[in-house]
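# Working through the structure, step by step
Residues per chain are reported as follows:
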Amino acid sequence: MKNIAVIGSGTMGNGIAHVFAQNDYKVNLIDINSEALERALATISKNLDRQVKKEKIDEAKKTATLGNITTYTNLEEGVKAVDLVVEAATENIDIKLKIFQDIDKYAPENCILASNTSSISITKIAAVTKRPEKVIGMHFMNPVPVMKLVEVINGYSTSKETTEAVLKASKKVGKVPTSVNDYPGFVANRILLPMINEAIYALFESVGGVEEIDTVMKLGMAHPMGPLQLADFIGLDVCLSILRVMHDGLGNPKYAPCPLLVNMVEAGHLGAKSGVGFYDYSKGMKEAFVAARFSN
């Protein structure tokens, strides 16, 4: 497995491409938007510069890494001669199903098809292909070049050979893969999102303010980032989507999203990417934003 394709050049996609390319894989980075691909390469270059500055790599390695990446706006061309495809498109079931139908049509017969989904069923994705035994989840953590974990998700039909190949590839790029099974939220988000949701409820019910809640979790529980700030960086729309997947899939009211989270997403306050969430990022600063406005 030396040739891979990454579909989607956003934050997760360019991070996945970066990691594989830095570990001597030939990477086809695919996006329908050529400007998005240019931004992705610029981001990868900037992140490599940070590694050079920290003396983790040298300039020659940076050059070699960028040289291992080829960009495509045509999916058929990008996947026709690869061993592994990692889909990192937006977290939307209809978009992902269409992408996997197309990948299945154009990728080589022995190619493994992986999704970086954080919550969508691998079994459901695999069902739209003619190779469900070769479909698997590879849930990388953000930022991909830094975070070690890859949550490897086995769908109902995923073969043992596919799992072993993906575990091996994950280790080759310096990650620590953990194999889990395909149930709503998998392991990472099944535990993380209820915690974030409970923190939002604590704010909604005036138990504490934004900074107070985050401070308790950082200093009291040794979390590197408070749950409300983390939600901002994940994206409040993504948090809401994952909670709804778990609520629908497991039928347990404990996964029901807090009304405050729903209101914020409907208002377009999605966190860092929109400039405002639980904190205000419009001036490059984190300032408590919703505590007074939304608490009871």
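This one's a predicted model, so the numbers in the text were calculated from it and none came from an experiment.

Judged by nonpolar contacts, the single largest core of 32 residues is most densely connected at Ile16, Phe20, Val27, Leu84, Met138 and Phe140. Top element by residues in this core is helix α1 (residues 11–22). It accounts for six residues. The residues contacting Met138, other than those within four sequence positions of it, are Phe20, Leu84, Val86, Ala114, Ser115, Asn116, Val150, Glu151, Val166 and Ser170. Counting 27 residues, the second-largest nonpolar core is a separate cluster that includes Ile196, Ala202, Cys239 and Phe278.

Next up on the list: the UniProt feature "site: Important for catalytic activity" (unreviewed entry) in the protein chain. Using the residue numbers shown here, the UniProt feature "site: Important for catalytic activity" (unreviewed entry) corresponds to His139. Look at His139 and you get buried, because its relative accessible area is 7%. Those residues within four positions of His139 in sequence are excluded, and the remaining contacts are Ser115, Asn116, Thr117, Ser118, Leu149, Val150, Glu151, Ile153, Ala188 and Asn189. A distance of 2.8 Å separates a polar atom in the side chain of His139 from a polar atom in the side chain of Glu151.

With that out of the way, let us pick up unusual backbone geometry. For residues that are not glycine, phi is negative in most cases, and the peptide bond is trans in most cases. The step from Asn142 to Pro143 runs through a cis peptide bond, and the omega angle for that step is 0 degrees. Within the secondary structure layout, Pro143 lies in the loop between β6 (135–140) and β7 (149–154). For Asp24, which is not a glycine, the phi torsion comes out positive at approximately 75 degrees. Examined against the element boundaries, Asp24 turns out to sit in the loop between α1 and β2 (26–30). Notably, Glu55 is not glycine yet its phi reads approximately 65 degrees, a positive angle.

In total, this model carries eight salt bridges according to the counting rule given. Among the salt bridges present, the one from Arg131 reaches Asp104, with a minimum N-O distance of 2.7 Å. Of this pair, Arg131 sits in the loop between α6 (122–126) and β6 while Asp104 sits in helix α5 (residues 93–106), and the two are 27 residues apart along the sequence. Here Asp237 makes a salt bridge to Lys273, at a shortest N to O gap of 2.8 Å.

Within this numbering scheme, the UniProt entry marks residues 3–182 as carrying the feature "domain: 3-hydroxyacyl-CoA dehydrogenase NAD binding" (unreviewed entry). The annotated region residues 3–182 carries 43% helix and 22% strand content, and the separation between its end C-alpha atoms amounts to 26 Å.

A word on the pairing of β6. With six of six residues buried, β6 is to be regarded as a mostly interior element. Covered by surrounding structure in β6 are Val135, Gly137 and His139 together with Ile136, Met138 and Phe140, the residues of both alternating faces. Here strand β5 (residues 112–115) runs beside β6; their pairing, made up of three bridges, is parallel. Counted as the bridge partner of Leu113 is Val135 from β6.

Moving on: helix α9 (residues 210–221). Within an α-helix, residues lying three or four positions from one another point in the same direction, as the helix has 3.6 residues per turn. The first and last C-alpha atoms of α9 sit 16 Å apart over 12 residues, in line with the 16 Å expected at 1.5 Å per residue. Those residues of α9 that fall on the buried side of the exposure criterion are Val210, Ile213, Asp214 and Met217. The buried residues of α9 occupy an angular sector of 95 degrees when the element is viewed end-on, so they sit on one face. Turned more than 90 degrees from where α9 packs its buried face, Val216, Leu219 and Gly220 sit exposed. Ala222 sits one or two residues past α9 and shows a positive phi near 60 degrees.

Every buried residue of helix α10 (residues 227–234) is listed here: Pro227, Leu228, Gln229, Ala231 and Asp232. Packed against the buried residues of α10 are α8 (188–204), α9 and α11 (236–250).

A few words on the sheet that holds β7. A sheet is described by the order of its strands in space; here eight strands give the open sequence β3-β2-β1-β4-β5-β6-β7-β8, paired in mixed fashion. In this open sheet, the two edge strands, each paired with only one partner strand, are β3 (69–72) and β8 (176–181). Neighbouring strand axes in the sheet, compared pairwise and without regard to direction, differ in orientation by 25 degrees on average. Pairing between strand β4 (residues 84–87) and β5: four bridges, direction parallel. Paired with Val85 across the strands is Leu113, a residue of β5. Across the sheet, α1 is in contact with β1 (3–7), β2, β3, β4 and β6; its angle to β2 comes to roughly 165 degrees.

About the criteria used
Residues numbered from 1 in each chain as written. Predicted model: local features only at pLDDT ≥ 70, side-chain atom pairs only at ≥ 80, totals over all residues. Heavy atoms only, no water. Core = buried A, V, L, I, M, F, W, Y, C linked by side-chain atoms within 4.5 Å. Buried < 20%, exposed > 50% of the residue type's maximum accessible area, 1.4 Å probe, protein only. Helix = DSSP H or I, 4+ residues; strand = E, 2+ residues; numbered from the N terminus. Contact = heavy atoms within 4.5 Å. UniProt positions renumbered as here; feature names shortened; annotations may be inferred. Polar contact = N/O pair within 3.5 Å; in protein donor to acceptor, adjacent residues only side chain to side chain. Salt bridge = Lys/Arg side-chain N within 4 Å of Asp/Glu carboxyl O. Pairing = 2+ DSSP bridges. Expected span 1.5 Å × (residues − 1). Arc of directions from axis to C-beta. Axes fitted to C-alpha atoms, helices over the stretch in contact; angles between N-to-C directions.

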